[in-house]
Amino acid sequence: MNLEGNIIREGSTDLFVPEAISERGPGKIEGRVFFNRQMAFNRDVSVALFHSVIKPRKCLDAMAATGARGIRICNEAPGNYRFIINDKDSLASDHIQHNIELNSLDNAEVSNADLRCLLAKEIFDYIDLDPFGTPIPFVPSALQGMSRKGILAVTATDTASLSGTHPGKCRRRYMANSQRNPFLHESGLRIMIGTIVRMAAQEDKGVTPLLCYYADHYFRLFLRTKDGAGAADASLELLGMMSYDRTTGERKVGEGKIGPLWLGPLMDHETISEATVPEGLECQERVRQHFDIWKEELDVPYYYETNELAAMLKLSPPGRDELLEVMRSIGKVSRTNFSPTGFRTDRPLEEVLEAFRSIC
Ligand SMILES: C[S@@+](CC[C@H](N)C(=O)[O-])C[C@H]1O[C@@H](n2cnc3c(N)ncnc32)[C@H](O)[C@@H]1O
């Protein structure tokens, strides 16, 4: 094998990557084998979950490019699991093989196949989809190749279509109506989950979020899947519509034009409360901060933006912590990882506005 590239270190793992790599943003396709440094946080979160709360046995990194994610998990998260690290491009699979050897891994093997062929033949407990853009074309294969109870992990970089910038594309791809609103990334993520719930229901599988989030320029979903008509029905029960009124700021759940979307929790709080962040991650502090917020985030299917409310009331926005302090005296309130200036509460909008006025 005569590959051109460089060895970099991400987290506690050495990775052989091509000469031309993306440094930030959604990542430009520079050559045949793709690597984006900014996805280190995304891979860190996978390592953290494998480290403490995800315990599958047979795992597939289905669209692996250099193999960065699967290689890092195998190297950094101890456990009794095996990874097949796959890419349909033969040069990518050469990189994967090189990275397996570079890290002396005995719990990983390379595969060079179209994931659709692989998943028609083999069953996995954990399947990771990380395409360029929408993952939807690959979801049916992943559902087909999933064990009776499994974990489907998905990265989606087509956030603009889901968050109201391209409503036509969202209708075609996700069979749902999107909207540009102050919580657009959350409504986009919920549309994405809702679409996968509906696709899984067609095959009598239920889907529930283990952890779903938005970061940088992408959505990331860890979904538990479970075979059975009852599980599928239970997931469908948590789909619905919602609305947002631009003039009043009012959000309504159960009616409206946004959706269908997932209205249930974005994570399994019991599991996430047990997650620990291992040492040696690439974005150690950022991962720790995110887990701290995930552990406190309320299950309300939208958040408020301090800037949005300030503009409505024609006041200057207070600091989020100051607002949270006041809100705590009237109800439940939490920060949200969707926005550094956003917050969730179980109180109605008029009480939120009253609290807002009292400190501005
Ligand atoms: C965004 S890159 C993956 C990045 C990688 N997971 C990482 O963390 O660096 C997408 C990869 O999917 C591969 N791919 C696209 N379609 C595929 C298919 N049908 N089966 C397997 N791999 C595929 C591409 O060759 C490309 O390497």
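Residues numbered from 1 in each chain as written. Predicted model: local features only at pLDDT ≥ 70, side-chain atom pairs only at ≥ 80, totals over all residues. Heavy atoms only, no water.

Enquirer: Quick question: what am I supposed to make of the site of the ligand here?
Expert: Around the ligand there are 17 residues in total, and Arg43, Met63, Asp87, Leu115 and Asp130 lie nearest to it. Here a nitrogen atom of the ligand sits 3.1 Å away from a polar atom, N or O, in the main chain of Met63. Asp130 is positioned such that a nitrogen or oxygen atom in its side chain is 2.7 Å from a nitrogen atom of the ligand. When the ligand sits alone it has 610 Å² of accessible area, and the protein chains cover 93% of it. More than half of the atoms of the ligand fall within 2 Å of the grid points belonging to the largest pocket. Per-class residue counts for the shell around the ligand are 10 nonpolar, 1 polar and 6 charged. (Near = heavy atom within 4 Å. Polar contact = N/O pair within 3.5 Å; in protein donor to acceptor, adjacent residues only side chain to side chain. Areas by Shrake-Rupley, 256 points an atom, 1.4 Å probe, with all protein chains shown as cover. 1 Å grid on protein atoms, 1.4 Å probe; cavity = no way out; pocket = protein on both sides within 12 Å on 5 of 7 lines; lining within 4 Å. Sits in = over half its atoms within 2 Å of the grid points. Nonpolar A, V, L, I, M, F, W, Y, C, P; charged D, E, K, R; others polar.)

Enquirer: Which parts of the structure should I look at to understand the environment of Pro182?
Expert: Structurally, Pro182 can be placed in the loop between α7 (167-174) and α8 (184-201). Dropping the residues within four chain positions of it, Pro182 is found in contact with Tyr244, Arg251, Tyr303, Glu305 and Glu308. (Helix = DSSP H or I, 4+ residues; strand = E, 2+ residues; numbered from the N terminus. Contact = heavy atoms within 4.5 Å.)

Enquirer: Is there a simple way to explain unusual backbone geometry in this structure?
Expert: Only a minority of non-glycine residues have a phi that is not negative, and only a minority of peptide bonds are not trans. Following Gly259, the chain continues into Pro260 via a peptide bond in cis, with omega recorded as 5 degrees. Looking at the secondary structure, you find Pro260 in strand β12 (residues 258-262). Not every positive phi belongs to a glycine, and Ala65 is a case in point at roughly 55 degrees. Within the fold, Ala65 resides in the loop between β3 (58-61) and α2 (68-76). You can call Ala65 buried: its relative accessible area is 14%. (Buried < 20%, exposed > 50% of the residue type's maximum accessible area, 1.4 Å probe, protein only.)

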